[in-house]
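# Tertiary structure, described
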Amino acid sequence: MNIEIISGSPRKASITNRLALFLQRHLQEKTSHSVKLIDVRDWNLPLLQQVFTSVEKTPDEFKPLAERMFAADAFILVTPEYNGSYSPALQNLLDHFPKQLHKPFGIATASVGAMGGMRSSQQLLLLVPALFGIASPYLLVTPTVDKKFDAAGTLLDDGFQGSINTFVQEFLWLAETVHPEPVTSYN
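The rules behind these values
Residues numbered from 1 in each chain as written. Predicted model: local features only at pLDDT ≥ 70, side-chain atom pairs only at ≥ 80, totals over all residues. Heavy atoms only, no water. Helix = DSSP H or I, 4+ residues; strand = E, 2+ residues; numbered from the N terminus. Contact = heavy atoms within 4.5 Å. Polar contact = N/O pair within 3.5 Å; in protein donor to acceptor, adjacent residues only side chain to side chain. Salt bridge = Lys/Arg side-chain N within 4 Å of Asp/Glu carboxyl O.

Looking now at the environment of Phe75. With respect to the helices, strands and loops of the structure, Phe75 is situated in strand S3 (residues 74-79). The spacing of Phe75 and Gly106 is 31 residues in sequence and 6.3 Å in space, taken between C-alpha atoms. If we skip the residues at most four places from it in the chain, Phe75 touches Glu4, Ile6, Met69, Gln100, Lys103, Pro104, Phe105, Gly106 and Phe171.

Structure, rendered in structure tokens:
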């Protein structure tokens, strides 16, 4: 299975990206799935003018991104909280692609504050069904992310491992259970 983790913070010194790096490494070590990281900072996507409906219909500079988005079987969205919601850069990236019909989504949020991006996680629970995706109900809300992970994405707070394990276990159950192929008939 191809799992894409989307790190949604556009800030150069993103602290949220620490969580994305950790999840990528953790899933690569614990599973046989292909787990890659899409960082919104690596793609200078303009504000939405057109949806990329296929790799072939994507501008050349974004074809590598389109190949990964279309090949993904499941996603984990990692975002900070901006004014009670997820990052606009994450929204812009997702808007450039068609609906993600039947694809599983894990939701992970992070902040340096005590709430851990809780409000952004609630907004993502509304976004995922709008994308026709399926959200894992187990969220990874990460308060004081700067004290839980270092800049390389190494876990510093062993007490947080239980929350990570529950999130990953439930996300993998969903992703391995749901088949991303569209329904072709109804009997």
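Attention now goes to the environment of Gln91. Turning to its location among the elements, Gln91 is positioned in helix H3 (residues 88-95). Sequence-distant contacts of Gln91, that is, excluding residues within four places in its chain, are made with Tyr86 and Leu127. Of note is the side chain of Gln91, whose polar atom sits 2.5 Å from the side chain of Tyr86.

Another aspect to go through is the pattern of salt bridges. Where charged atoms from two side chains of opposite charge come close, those side chains can pair. Throughout the structure, instances matching the rule amount to 6 salt bridges. A salt bridge links Arg41 to Asp39; its shortest N-O distance comes to 2.7 Å.

Function cannot be read off these values alone, since they describe shape.
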